[in-house]
Amino acid sequence: MDTGIGAAVARKEDFRFLTGQGNYTDDIARPGQAHAVFVRSDVAHANLNSVDCEAARAMPGVVAVFTGDDLEGVGGVPCGFAPDGGPMNEPPRPVLAQGKVRFVGDMVAMVVAETAQQARDAAEAVVVDYDELPAVVSMEAALAEGAPAIHDLEDNSCFSWGIGDAEATGAAFAKADHVTTLELVNNRKCPNAIEPRAAIGEYDTARDSYTLYTTSQNPHVIRLLMGAFVLGIPEHKLRVVSPDVGGGFGSKIPHYPEEVAVTWAGKQVGRPVKWTAERSESFLSDTHGRDHVTRVELACTSEGGFLGLRVHTRANMGAYLSTFAPLIPTYLYGTLLAGLYTTPAIRCEVDGVFTNTAPVDAERGAGRPEATYLIERVVEMAARELGIDPVEIRRRNFVSPDAFPYQTPVIVQYDSGNYEPIVDRAAELADYAGFAQRREEAASRGRLRGIGFAGYVEACGMAPSNVAGIIGARAGLFEAAQVRVHPTGSVSVYTGSHSHGQGHETTFAQIVADRLGIPFENVDVVHGDTDQIPFGMGTYGSRSLAVGGSAIAKALDKIVAKGRKIAAHALEAGEADIDFESGEFRVRGTDKSVGFGDVALSAYVPHNYPLEELEPGLDEGAFYDPANFTFPAGCHICEVEVDPETGTTRIVNWNAVDDFGRVINPMIVEGQVHGGIAHGVGQALLEDCAYDEESGQLLSGSLTDYCIPRADDLPSFVIETTETLCPHNPLGVKGCGEAGAIAAPAALINAITDAIGVAHVDMPATPEKVWAALQSAQGE
Amino acid sequence: MTLTVNMTLNGESVSAQVEGRTLLVQLIRDHFRLTGTHVGCDTSQCGACVVDMNGRSVKSCTVLAAQADGAQVNTIESLAENGELHPMQQAFKDNHGLQCGFCTPGMVMSALDLVANNPDPSEAEIRDWLEGNLCRCTGYHNIVKAIAAGAQAMRS
């Protein structure tokens, strides 16, 4: 069976997951562990008069109860990004509330008890006296004259940021034949990984060191942030383990106060302290995503040529700045506004705003779905207004294949791509030509059928560290890998990427098996433990293969280079004359060869070995810092039928063609696209994190109230890929994890508005909204 | 007040003292340390905790441990034999019906109940049945394929 690059290999990790032997954080029981439950604010904005823990401390099984006062001197949870390095209002985020609570779910106290149930009981007995303050939920309310200040700041604004040439954009609008304007809301989502967050903190007195087990996408980042900025623990005294993690979708990137609390408390109580979120807690306290209010204008010629794009966005930060919050609506958003098109002038301005809501951070796609949604919605509207076919208007504005590398007017330079074949193939798969007939047939059944296109370009493979520094990241964005060849030729790979569903243990092993010409079974991939992995920046932004995989490829190059030296010695040939192919080192043009396994053995049993020139062992590490972002692109076409009686939308077809560069495992790639589409469909049709405007209470705080897609909300998908290789990383790969979530919302809303004949419906397009839009359209 | 629960868990007779409010999933995970059964929500929506009780799939977060007194309970750990996956597990692997793996035990246990009552389910019937099992990774496409393939393998 082919297990190399390009093969649809079944996954290594599946056996343990399918047999119930996964090892998720909540599955871990440390000897002597106690259990923590957090008392969370049930009001959105209040001064704390008092937190009375006396009764709770007397409850059965209670080990300790802590409040913000106990944590005085412990640093706040830091933010890792300030657009352009600032200025930015960056109020502190205490681990437990100190004097004030700022959203429903803010942590007021921590109860530690023998069992989770006892901790829950005791948490009920903590009496918090709140002096309630008016809450602001919407950005409009937060920025209104006289709005209550959430922090000790002049107002509730966090930052104001802009990108692109305002003057050139103004000039483009001045000469436009046609301007399409759209005001839209990009609805707030709750990522809802099915595994709730969990953490166990423990302190080893013998070694004076700490261990944190946590549901994180990036354990090294947590070690850095918590160790250096919050608890003051140096790296060699702090181990962070992220074992099997049950989905992340961005919500497990940030460093959370609960991680600090259990680690700190583990030392205080002298035993491991474990906390596992309940789902309702996840809704309140996991970072949410999106939440933009945007006005977009597109300036066109009468033939549908794009001249200029002007965007103003308000982006909700929530009550505190989460780790990467200010990055998402700035450099992961404004830089993608060219989309697939040659729009010559673009100006985007973004205001970040504090509100009394849960902190907002990355959610699958993070900034890029918001960018794609507004571009593809306004392009679709322009096509309709100008009477141009939606495929045709896109085609007229595509970046042409000979224009790469293509410099956009919003800083980024697209590395490679070829957009027309993507759209052509997608239209063919979707039988676009036959749509009119299908629409007619649906009408005969009383259904309104619509078709929606969405093209996208995203930026993955974050990121060249020097660029990251210039734009305001307080971190490098390289990745690290260690390839350890054992004496008998089997291989352990240690990667700083973290898999929480992506299948790295399989994909990365395919790369190693392919490069070294060894059996796939002889390769194991290790991730998620700062004591085992040299370093890592983690998994998000579809970066694992492009950056983490490239680090592995670089380490493999070093392995082969050293192997070549060992082989040259064994074969009594010049190093330059040795070729390495299919696991054999061969003297070029001869039949003299030595296998990879023999070379590995020789490295560890160096009897016949050039010891004066070469160290024994075959174990190489690499850090890979990308030269550029990667730019996957694609086109998704969605077809829907709307029931005009009820406003219910049914998705009947989904066809997609994506260019992810080289595909290592097509089965895994398809799965990533499916999952991404489901997230996008959820956002467009079903999901909305709704807060009550007056009270600041989360109205959609359970899976009963917040609808994530069920199996019967989705169709089967038809997915294909095209391939233009990434020219600047060693694997030619681009990244696939977020594509579906980026493309789907626009495709779906374009389809629904096409079906019901209205200009726009805000997401989620619930039956109520669709029905109301239909009624008002028919009334006109 | 504690109660004694006697049951057959994965073919073995077991006994435990539980509080009246203890949930079956807590008994399975915390007491018997069978951690393949997961908890993903607190409103009986997600289905990560599905186990087989007396031949029917149940959400073990919504069954009191005391209700399982005298019951036959089978969890995901009961399916594979001598390292050989059950045909339904194998179908999930072959069809990439899992990603992060967290919802997977519940999906598989639920799928087995469907197939026990409907040996050849259609795509629509599978999607309808999965109403009570949430997956956030796969978009269900490959889960649906896997269940159809698993059902076929179990028929032959």
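Look up a bit, the structure's there.
Criteria and cut-off values
Residues numbered from 1 in each chain as written. Chains lettered and ligands numbered in written order. Predicted model: local features only at pLDDT ≥ 70, side-chain atom pairs only at ≥ 80, totals over all residues. Contact = placed C-beta atoms within 7 Å. Helix = DSSP H or I, 4+ residues; strand = E, 2+ residues; numbered from the N terminus. Nonpolar A, V, L, I, M, F, W, Y, C, P; charged D, E, K, R; others polar. Core = buried A, V, L, I, M, F, W, Y, C linked by C-beta atoms within 7 Å. Buried ≥ 20, exposed ≤ 12 C-beta atoms within 10 Å, placed from the backbone. Pairing = 2+ DSSP bridges. Right-handed = clockwise from strand over helix to strand, strands pointing away. Axes fitted to C-alpha atoms, helices over the stretch in contact; angles between N-to-C directions. Expected span 1.5 Å × (residues − 1).

Caption draft 1: Up close: the interface of chain B and chain A. Of the residues lining the interface, 43 residues belong to chain B; the matching set on chain A comes to 42 residues. Listed by contribution, the elements that provide at least two residues to the side of chain B that touches chain A are helix H2 (87–94), helix H3 (104–117), helix H4 (123–129) and helix H5 (141–155) of chain B. Among the elements that take part in the side of chain B that touches chain A, H2 of chain B stands out by supplying 4 residues, more than any other. Of the residues assigned to the side of chain B that touches chain A, the class counts are 20 nonpolar, 15 polar and 8 charged.

Caption draft 2: Representation of unusual backbone geometry in the model. The omega angle of the peptide bond from Met462 of chain A to Ala463 of chain A is -15 degrees, so this bond is cis rather than trans. Counting through the fold element by element, Ala463 of chain A comes out in the loop between strand S18 (448–457) and helix H13 (465–471). Between Met763 of chain A and the following residue, Pro764 of chain A, the backbone shows a cis peptide bond with an omega angle of -10 degrees. Note on placement: Pro764 of chain A falls in the loop between helix H18 (739–756) and helix H19 (767–779). With a phi close to 55 degrees, Arg33 of chain B is a non-glycine residue in the positive phi region.

Caption draft 3: Representation of the nonpolar core. Residues and elements named next belong to chain A. Ala36, Ala109, Val111, Val512, Ile552 and Ile752 are the most contacted members of the largest nonpolar core, which totals 305 residues. Counting residues per element, this core draws most heavily on H18, at 13 residues. When sequence neighbours within four positions are dropped, the list of residues in contact with Val111 reads Ala36, Val37, Val39, Ala56, Val62, Val65, Ala119, Ala122, Ala123 and Val126.

Caption draft 4: Layout of the pairing of strand S20 (residues 491–495) of chain A. All names here are of chain A. Across the 5 residues that make up S20, a large majority, 4, are buried. The pairing of strand S19 (residues 479–485) with S20 spans 5 bridges and is classified as antiparallel. The residue bridging Gln482 from the neighbouring strand is Tyr494, located in S20. Taking the residues that link successive antiparallel strands as the turn, the S19-S20 hairpin has 5 residues, and the phi of Gly489 there is positive, at about 95 degrees. Judged from the 4 bridges that link them, S20 and strand S21 (residues 523–526) form a sheet pairing that is parallel. Residue Tyr494 lies in a different strand from S21, and its bridge partner there is Val526. Considered for its hand, the β-α-β crossover made up of S20, helix H14 (residues 504–516) and S21 is right-handed.

Caption draft 5: A look at the sheet that holds strand S24 (residues 593–595) of chain A. Residue and element names in this part refer to chain A. Strands sit in the order S22-S23-S24 across an open sheet of 3 strands; the sheet is antiparallel. Looking at which strands have only one partner, the edges of the open sheet turn out to be strand S22 (578–581) and S24. Averaged over all pairs of adjacent strands, the angle between strand axes in this sheet comes to 20 degrees, irrespective of strand direction. Two elements, S22 and strand S23 (residues 584–587), share 4 bridges in a ladder whose sense is antiparallel. Bridge pairing in S23 links Asp579 to Arg586.

Caption draft 6: Structural detail: H14 of chain A. Residues and elements named next belong to chain A. Helix length check: H14, at 13 residues, gives a terminal C-alpha distance of 18 Å against a target of 18 Å (1.5 Å per residue), a fit within 8%. Counting buried residues in H14 gives 12 out of 13 residues, a clear majority hidden from the surface. Elements in contact with the buried residues of H14: S19, S20, S21, helix H15 (544–571), helix H16 (596–604) and helix H17 (666–686). Positive backbone phi, approximately 65 degrees, marks Gly517, located one or two places after H14.

Caption draft 7: Layout of helix H1 (residues 24–31) of chain B. Residues and elements named next belong to chain B. Within H1, 6 of the 8 residues are buried, which leaves the element mostly enclosed by the surrounding structure. Leu24, Val25, Gln26, Leu27, Ile28 and Arg29 are the residues of H1 that are buried. Of the residues trailing H1, Arg33 is marked for its positive phi of about 55 degrees.

So, to be careful, I would describe these as geometric facts and stop short of saying anything about function.
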